[in-house]
Protein chains: 2
Amino acid sequence: MLGVIGGMGPLATADFFRKLVDETPAANDEDHVPVLVHSVPQIPRRPPAILADGESPLPALCRVRDRLIAAGATALAMPCNTAHYWYDELAIDCPVPFLHIVDATVAELGDRARSGARLGLIATEATLAGQVYDARLAALGCELLRPSPEQMQRHVLPSIAQVKQGALAEAGRTLAPAIEGLLDAGADAVVLACTETPIALDAIGSPLRARCVDSTLALARACVRWWLARRTEATAK
Amino acid sequence: MLGVIGGMGPLATADFFRKLVDETPAANDEDHVPVLVHSVPQIPRRPPAILADGESPLPALCRVRDRLIAAGATALAMPCNTAHYWYDELAIDCPVPFLHIVDATVAELGDRARSGARLGLIATEATLAGQVYDARLAALGCELLRPSPEQMQRHVLPSIAQVKQGALAEAGRTLAPAIEGLLDAGADAVVLACTETPIALDAIGSPLRARCVDSTLALARACVRWWLARRTEATAK
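About the thresholds
- Residues numbered from 1 in each chain as written.
- Chains lettered and ligands numbered in written order.
- Predicted model: local features only at pLDDT ≥ 70, side-chain atom pairs only at ≥ 80, totals over all residues.
- Heavy atoms only, no water.
- Least-squares fit on C-alpha atoms with pLDDT ≥ 70 in both.
- Contact = heavy atoms within 4.5 Å.
- Salt bridge = Lys/Arg side-chain N within 4 Å of Asp/Glu carboxyl O.
- Helix = DSSP H or I, 4+ residues; strand = E, 2+ residues; numbered from the N terminus.
- Buried < 20%, exposed > 50% of the residue type's maximum accessible area, 1.4 Å probe, protein only.
- Pairing = 2+ DSSP bridges.
- Axes fitted to C-alpha atoms, helices over the stretch in contact; angles between N-to-C directions.
- Expected span 1.5 Å × (residues − 1).
- Bend = angle between axes of the 7 residues up to and from the residue.

Novice: Can you lay out the relation of the copies chain A and chain B for me, pointing to particular residues and giving the numbers?
Specialist: The operation linking the two copies of the chain is a rotation about an axis combined with a translation along the axis. Laying chain A over chain B is done by rotating through 180° and shifting 0.0 Å along the axis; what remains is an RMSD of 0.0 Å. Here the symmetry operator amounts to a two-fold rotation axis. Across chain A, the smallest distance between a C-alpha and the rotation axis is recorded for V37 of chain A, namely 2.5 Å. A high fraction, 100%, of the interface residues of chain A reappear at the interface in chain B, so the copies pair face to face through one surface.

Novice: Could you give an account of the pattern of salt bridges, naming the residues involved and the relevant values?
Specialist: Residues and elements named next belong to chain B. Applying the stated criterion to the full structure yields 32 salt bridges over all chains. Between R136 and D103 there is a salt bridge, and its shortest N-O distance comes to 2.5 Å. Remark: D103 occurs in helix α5 (residues 101-109) and R136 occurs in helix α7 (residues 134-139); sequence separation between them is 33 residues. We classify D103 as partly exposed; its relative accessible area is 40%.

Novice: Summarise the sheet that holds strand β1 (residues 2-6) of chain B; cite the residues concerned and give the values.
Specialist: Strands sit in the order β3(A)-β1(A)-β2(A)-β2(B)-β1(B)-β3(B) across an open sheet of six strands; the sheet is mixed. What marks the edges here is a single partner per strand, and that holds for β3 (75-77) of chain A together with β3 (75-77) of chain B. With strand direction ignored, the average angle separating the axes of adjacent strands in the sheet is 20°. Pairing of β1 of chain B with strand β2 (residues 35-39) of chain B involves five bridges; the strand directions are parallel. Following the sheet pairing, I5 of chain B is matched in β2 of chain B by H38 of chain B. Contacting β1 (2-6), β2 (35-39) and β3 of chain A together with β2 of chain B, helix α1 (residues 10-23) of chain A crosses the sheet at an angle of about 170° to β2 of chain A.

Novice: Run through helix α8 (residues 149-164) of chain A, naming residues and quoting values.
Specialist: Residue and element names in this part refer to chain A. The end-to-end C-alpha separation of α8 is 21 Å, in line with the 22 Å expected for 16 residues at 1.5 Å each. If you look at α8, its biggest bend is around 30°, right at P158. Among all positions of α8, only M152, H155, V156, S159, I160, Q162 and V163 are buried. G166 sits one or two residues past α8 and shows a positive phi near 85°.

Right, here's the structure in full:
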């Protein structure tokens, strides 16, 4: 059973769950991944804890993790990029596999994450400052392009806030210029490294989607691969 | 924290979760309902247990219920109409409120569930045979219109199976004539009393949606009302 540490934000968790179902090859209910999704929107905010001296969400994240494991989760996933700032501390004592959203996104990038590739990164300030993506993509020889401070303030951050408030089409229109800016600056592809942002683009049916890699979808697909391997193992036994 | 008994089917559970988030008035993550969604698509199939001598899903449903309560759920909901056949047995010893999908749908119907109203019912054979809706709507003086056996075999049941297989637009086109048939037969409104069916109609943007009441949305709204009352109580203390 897959355990999902969710609620950051709740709509992104719902989007992840939907993608998990959509991506599972299934003829019947029984073929689907058994899942326990714990959506706890009251987890202390991640950005102030990384960027300032806000309360750390780590104790709350540990409680959610432990509750999922106690309830029978045999693997974990967390569809929030910023919260992966605490991944090492969450995973170190974890008795079950914990799928990393950046590993999943790298797998989804495939050939696009080759040496010399220029990858745009749409993320929260905290994900950027916390360097959640940097080491993994640098190890592959990729160059990261970040939105300018002005693009962050005018486009990326307001768009994420709009998704959290349910203003989805508005969020899509707000976000689009930041992605166009990264493509104009030479990005080969743009990583939607905040799980609110694919929801924004989908709401306006943006053609920019084709130039982007969706970290939520990437994590869902990694979870489906985990389940299919496990289901096959279970059948083979 | 709301506990959700899900997985029957998984896409309907994901649709319920999305509607729960969409229907919650929220300016920030923190305003949303804390939820534990347990999606167990391996629960024994409901229709054969009601219509034939198939294995009962009740023990599995009880295990899911108990796991949710053990993990801290303070109210329960189950976004599957057919599974409400076992509601009384699930609710009788339940230490927390268990919101009933038919009560939620009756609340959503409002004035449309007045005495003398004719309500079409789109549901599985098992929900119809198990009379999940009958007593509550009869008590209000409503007359229920069911699809003909031919409409069930040609439209309703294939459409539900198509949703479970992810063929959503096809499912919408398959379902539409059954709804039109009920409206032609004089239904004032049609209750989508199977949580797969709103997904089918949404996939084709069907204008029939306006004549239908969505039991998934009704249950999500009932859960939001539960949460808002609780949140207000918690704030007042």
